[in-house]
Amino acid sequence: MTITENKPTNIIGTRLLRREDPPLLTGEAKFTNDLSIPGALHLSVLRSPYAHAKIKSINVSAALKIAGVVAVYTGKDLQTAWAAPMPCAWPVTPDMKNPPHFPLAIDKVNYVGDGVAAVLATNETASRDALDAIDVEYEPLQAVVDLEDALSDKNVIHKDLGTNKSYTWPLLVEETPGCVEEAFKKAKYKIKERYVQQRLIPMAMEPRAIAAVPQPFGGDITLYSSTQIPHILKVMTALTLGIPEQQVRVVAPSVGGGFGSKLDVYAEELLCMALARKHSAPVRWVEERTENTQATIQGRGQIQHVELAADENGKITAVRVRIIGDMGAYLQLVTPGVPLLGAFLYAGVYDIPKAYDFSCTSVFTNLTPTDAYRGAGRPEATYAIEMAIEALAREMKIDSFELRKRNYIKKEQFPYTAFSGLTYDSGDHLLAAEKAATMTDLAGVRAQQKKQNVPGATKLLGVGMSSYFEMCGLAPSRVLASLNYSAGGWEAATVRVLPTNKVQVITGTSPHGQGHETSWAMIASEKLGVAPEDVDVLHSDTAISALGLDTYGSRSLPVGGVAIALACDKVIEKAKLIAAHQLECAAEDLQFVGGTFSVKGSPDRALPLAAIAFGAFTAHNLPEGCEPNLEAQVSYDPPNFSWPFGTHMCVVEVDTETGAVKILKYIAVDDCGNQINPLIVEGQVHGGVVQGIAQALFEEAVYDSDGNLKSSNLSEYLVPAASDVPAITTGHTITPSPTNQLGVKGVGEAGTIGAAPTVMTAIIDALSSLGVTSMAMPASPQTVWKTIQEATRGGKK
Amino acid sequence: MIPAAFDYKRASSAAEAISLVSQYGSDAKFLAGGHSLLPLMKLRLAQPAMLIDIGRVKDLSYIKDAGNHIAIGALTRHMDVETSKVLHEHAPLLAHAAGHVGDAQVRHRGTIGGSIAHADPASDLPATTLALGATYVVQGPKGQREIAAANFYKGFLESDLAADEMLIEIRVPKMQGAGWSFQKFNRRAQDWAIVGVAAWRRKGEAGVALVNMGSTPILATSVAGAIAKGASISDAAAMASNEADPQSDLNASTEYRKHLASVLVRRALEAASK
Ligand SMILES: Cc1cc2nc3c(=O)[nH]c(=O)nc-3n(C[C@H](O)[C@H](O)[C@H](O)COP(=O)(O)OP(=O)(O)OC[C@H]3O[C@@H](n4cnc5c(N)ncnc54)[C@H](O)[C@@H]3O)c2cc1C
């Protein structure tokens, strides 16, 4: 038995390699579909080929004859299996419309991919073959695909609701009543723009996979799922299925990406659990890629109307925003809340008065439900304000960077109370922006641009930028309550020092690619003075980590990581009492450095944590009233959101003959406060930037007017590969968060938030000499070429 | 991702493959690299009852200097075409184009014969061999015949190959030092071309073929004819779509495809004339 020694590790801030990677890279990591589960039945789901249709009849007799097929269920057959409809945890307004939504459609399908029947078979091939043998008679109905059409209520999808409108959520902040309108009347400069956030498919590398394993006695059930939210899933499946919560255990094995798409309670999870209980046998399901594009939530899907008013210097005096949000056919777990997460950020990083008029109206369409997708609401908001700033600069005929400088919230103004009442705890936007400009060699690029973009040139240079705030670290529970969210925003952690001085950290966060095991071990290592490899991090199994609120919204470090630091503090507090007892001194006379307690002023009177851990385990000599063992648990509710920020810049070259856009340089300067592991921070920024570039240039869930998804596989839905994106140069400034002891902010979504407007402003800049002032996303070669054609044809269009 | 049930036989020679296919008739399909056929089967868009695996017919994987032309066995993998010294010397356009097929995995599995037999207008090698004036050698129960590339492609995924015939060799005339260019326009480096152009030029002579500009690979005879008559490159390139009939899809409308074709043909001829 080796007792771990205590010594200072100074590990925070180092580029420690991720401990997650060797098993992932060698294939040793087990994803849900890798689990070997004897006797499991395979589920396949028959999906609607229509966006909107009545189900006239379903004939399953041929399917039942296929060898290996055990059962086929329709929505009607399972109607009594559900204690409640599928959950939506965010009723944003008291009068929000929420149509009942069940794992299988009952008499009407509402999007292509809606589940119609479920097959159970002893093997995957038979369950797949059975789908082809089910005969469904549909009566197709007119599909509602367009958001403005949906809003008109000409064709109402959920007849019982009487409208396609789910809710209108306003946020009107005025210093004096009517001051927004007045500001627009008085404004020297005004702009009014319309932007479209196309629908995006999150496209995690691992599609969803599920296995529900019932216990033979007592009715317990274990759900293995490729999910981001084992804890939330446990409560929600228990409620939806009417199973006592203590009988449900949820395990998320290795999870291959989520980006929000696995932050949900899905029909297939409920089907697997219900049918596993019914058949007293494990039931498993794995998603095909095309299913993933149709039956897993999509992201974005907004039309944004943005107006800015500004004075003669370009100081913004009022902001007015009207959003139409695309909910899709039903409300999933947090669908209606997504636009709200951006609602506070349409003034971006700018200092504006209390003259803010935001409102979002969300509608149902006959398309796949939307929900949180990396950034959720904030990329949309940032895109709108950054594009609008560019429009205002064009209107004023001044440089957009100069306009930003005139409006940035200044360093001295932090902590800054925004118009909304939210406090932006820290920031230095000018510093980050100037650093980005230096790294870009902005002056040099502008000079080159003058030389290159001459009349007749076919390769035009452009520079783009965006400055952002990432309101993240979800979230102070009280703020969530004010937004009508059904849960809190705290996070739980347990830190346990074992008798041999090895450490167990149990976290309520649920990593799916972020490297929490590495980062959380680093935090405990630094705090307790043990090597990071002696810290084990346990997560994603509700039997081990009973409490938690999981991973999304760049919350894991600023909430979950801070909880771990606090739990370490509690452990140290307790150890200190034991040390004082054993060293026969007062606890106040002890200092704790690098894992060892020593009496201030007499360093030879010392006890390492190892000795105390062992002593706490034997419990032979503990102070009066002190419990054995060295462990502590914390539930931490953050006092504020975390406010990472930064500026991204990029240089593009547009081939005006083909419309092709090439990114020559991409600079990301992000400030996420103190960095636990800069290597992981860079990885998060790289991945996020690539997803933002993907929205700008590549990705779009394209639907035809009948609601058929045209981009339903990876040759049509263009996820960029490494060969399609530029080398990304990252830089950072460090403005520690004053609200938590680690000084950390989230970084999971920053790249996605910054990147799309950076690329789009660059393209418009490149084409400005041709008269181009707007560009739809994705800026595909065809779209760019057409936009150039329209602009150069002048007024003729 | 799970294909419909099928039977499977492995052939060890062309003769065996042809006798198997004659036996099973139109329900049977050859399986070469599988990189066009298997994706269709997994999506259940193709459901052959019998696969005859010719992937291991070793004596059909070769690249030989045959005097006037280079002879390429039908089962030669794209990677071998891409890296062949003989081709780099005598038909560099083909080697270069093979290097633009898909990604490295695809190029290690896919075969030149499979690519041509599949007759996908969006594939790179059918148009490239067409531009080069290649001849395809096919073998059936009654023996061998030669088909000029220009007569081979009949429609979308349709060729002159009979169901019981197998493509065994591709004969590519030596390029004799002609200038050449391969222009592949796509949104992601590893995608099929939205529009592609394979072109060569030697003084007053040129050969130009188009990828994804109709239901078959397209020989741009008007362009070549104009060059032969001494037209300028840009005048010739303006005729790029004369023989084409491109469709619209998510990436490109018919109009945009035609526009791209003329830009890319101009660029290809300019590069080939250097
Ligand atoms: C991800 C991906 C990307 C790709 N990208 C490209 C690209 O960018 N450009 C491009 O050109 N191609 C691309 N391809 C296609 C690839 O080149 C295929 O390998 C090729 O089209 C078919 O060759 P194969 O040997 O795989 O044929 P298979 O798939 O085995 O067969 C294709 C068809 O041809 C028939 N066949 C095969 N060999 C013979 C023969 N000798 N005689 C008669 N019939 C035969 C088969 O019966 C079948 O009908 C891509 C494929 C994939 C999977």
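To be clear, the structure that these remarks concern was listed above.
The following refers to the structure shown. What you see is a predicted model, and the numbers here were worked out from it, not measured in a lab. (Residues numbered from 1 in each chain as written. Chains lettered and ligands numbered in written order. Predicted model: local features only at pLDDT ≥ 70, side-chain atom pairs only at ≥ 80, totals over all residues. Heavy atoms only, no water.)

1. Some details on the overall build of chain B
- A tally of helices and strands in chain B yields 12 helices and 14 strands.
- For chain B, whose C-alpha radius of gyration is 18 Å, the value lies close to the compact-globule estimate of 19 Å for 274 residues.
- Taken over the C-alpha atoms alone, chain B extends approximately 55 × 45 × 30 Å along its principal axes.
- Evaluated residue by residue, chain B yields a buried proportion of 55% over its 274 residues.
- Considering only intrachain contacts with a sequence separation of at least 6, the fraction spanning at least 24 residues in chain B is 61%.
- Accessible surface computed for chain B: about 11600 Å², of which carbon and sulfur atoms make up 50%. (Helix = DSSP H or I, 4+ residues; strand = E, 2+ residues; numbered from the N terminus. Rg over C-alpha atoms; globule rule 2.2 N^0.38 Å. Buried < 20%, exposed > 50% of the residue type's maximum accessible area, 1.4 Å probe, protein only. Contact = heavy atoms within 4.5 Å. Areas by Shrake-Rupley, 256 points an atom, 1.4 Å probe, with all protein chains shown as cover.)

2. Side note on the layout of surface pockets
- Reported here for the second largest pocket is a volume of approximately 860 Å³.
- Taken together, 36 residues line the second largest pocket, and the ones lying closest to its centre are Ala660, Val661 and Lys662 of chain A together with Asn186 and Arg187 of chain B.
- For the lining of the second largest pocket, the elements supplying multiple residues, two or more each, are strand 26 (645-655), strand 27 (661-671) and helix 18 (678-698) of chain A together with helix 6 (104-109), strand 11 (179-185) and helix 12 (254-272) of chain B.
- Residue classes in the lining of the second largest pocket are distributed as 15 nonpolar, 10 polar and 11 charged.
- Each of domain 2 (58-173) and domain 3 (179-272) of chain B contributes no fewer than three residues to the lining of the second largest pocket. (1 Å grid on protein atoms, 1.4 Å probe; cavity = no way out; pocket = protein on both sides within 12 Å on 5 of 7 lines; lining within 4 Å. Points joined across faces, edges and corners; volume = space filled by probe spheres on them. Nonpolar A, V, L, I, M, F, W, Y, C, P; charged D, E, K, R; others polar. Domains from an automatic or database assignment.)

3. Some details on the interface of chain A and chain B
- Listed by partner, the interface residues are 29 residues for chain A and 20 residues for chain B.
- Contact with chain B buries area across many residues of chain A, yet Glu657, Gln782 and Trp785 of chain A alone supply 27% of it, more than any other trio.
- Our enumeration of links across chain A and chain B arrives at five salt bridges.
- Salt-bridge contacts for arginine 266 of chain B lead to glutamate 657 of chain A; the nearest nitrogen and oxygen are separated by 2.7 Å.
- Counting across the chain A and chain B interface gives 15 residue pairs in polar contact (both at pLDDT 80 or more).
- Sorting the residues of the side of chain A that touches chain B by element identifies helix 3 (124-133), helix 18 and helix 20 (781-792) of chain A as the ones contributing at least two each.
- Split by residue class, the side of chain A that touches chain B holds 12 nonpolar, seven polar and 10 charged. (Buried area = accessible area lost by both parts, 1.4 Å probe. Salt bridge = Lys/Arg side-chain N within 4 Å of Asp/Glu carboxyl O. Polar contact = N/O pair within 3.5 Å; in protein donor to acceptor, adjacent residues only side chain to side chain.)

4. A word on the side chain of serine 159 of chain B
Residue and element names in this part refer to chain B.
- By secondary structure assignment, the location of serine 159 is in strand 9 (residues 158-159).
- A distance of 3.1 Å separates the side chain of serine 159 from the backbone nitrogen of leucine 161, its partner in a polar contact.
- Look past the residues within four positions of serine 159 in its chain and what remains in contact with it is Ala117, Ala119, Phe152 and Lys154.

5. Details of the pattern of salt bridges
- Per the counting criterion, the structure on display carries 44 salt bridges over all chains.
- Across the pair arginine 128 of chain A and glutamate 288 of chain A runs a salt bridge, and its minimum N-O distance is 4.0 Å. Of this pair, arginine 128 of chain A sits in helix 3 while glutamate 288 of chain A sits in the loop between strand 12 (283-286) and helix 8 (289-295); the two residues are 160 residues apart in sequence, bridging distant segments of the chain.
- Owing to a relative accessible area of 14%, arginine 128 of chain A belongs among the buried residues under this scheme.
- Glutamate 288 of chain A sits in the partly exposed class, given a relative accessible area of 25%.
- A salt bridge links glutamate 82 of chain B to arginine 107 of chain B; the shortest N-O distance between them is 3.2 Å. With a gap of 25 residues between them, glutamate 82 of chain B in helix 3 (residues 78-83) and arginine 107 of chain B in helix 6 connect regions that are remote in the sequence.
- Residue classification places glutamate 82 of chain B among the partly exposed positions, given a relative accessible area of 21%.
- If you follow the salt bridges from partner to partner, you end up with Arg47, Arg208, Glu268, Glu287 and Glu291 of chain A in one network.

6. Concerning the packing of aromatic side chains
- Taken as a whole and judged by the stated rule, the model has 23 aromatic pairs over all chains.
- Among the aromatic residues, ring-to-ring pairing joins Phe414, Tyr416, Tyr424, Phe469, Phe641, Trp643 and Phe645 of chain A into one connected group.
- Lying over the aromatic face of tyrosine 266 of chain A, arginine 208 of chain A brings its terminal NZ or CZ to 3.6 Å of the ring centre.
- Over the aromatic face of tyrosine 62 of chain B sits the side chain of lysine 64 of chain B, whose NZ or CZ is 4.2 Å from the ring centroid. (Phe/Tyr/Trp six-rings, centres within 6.5 Å; stacked < 30°, edge-to-face > 60°. Lys NZ or Arg CZ within 6 Å of the ring centre and 35° of its normal.)

7. Structural notes on a positive patch on the surface
All names here are of chain B.
- A cluster of basic side chains, namely Arg10, Arg56, Lys58 and Arg109, defines a positive patch on the protein surface.
- Looking at the element boundaries, arginine 109 is found in helix 6.
- Of the residues examined, arginine 109 reaches a relative accessible area of 43% and is grouped as partly exposed. (Patch = residues over 30% accessible without salt bridge, like charges linked within 9 Å, V, L, I, M, F, W, Y side chains within 5 Å. Lys, Arg positive; Asp, Glu negative; His and termini not counted. Charge placed at Lys NZ, Arg CZ, Asp CG, Glu CD.)

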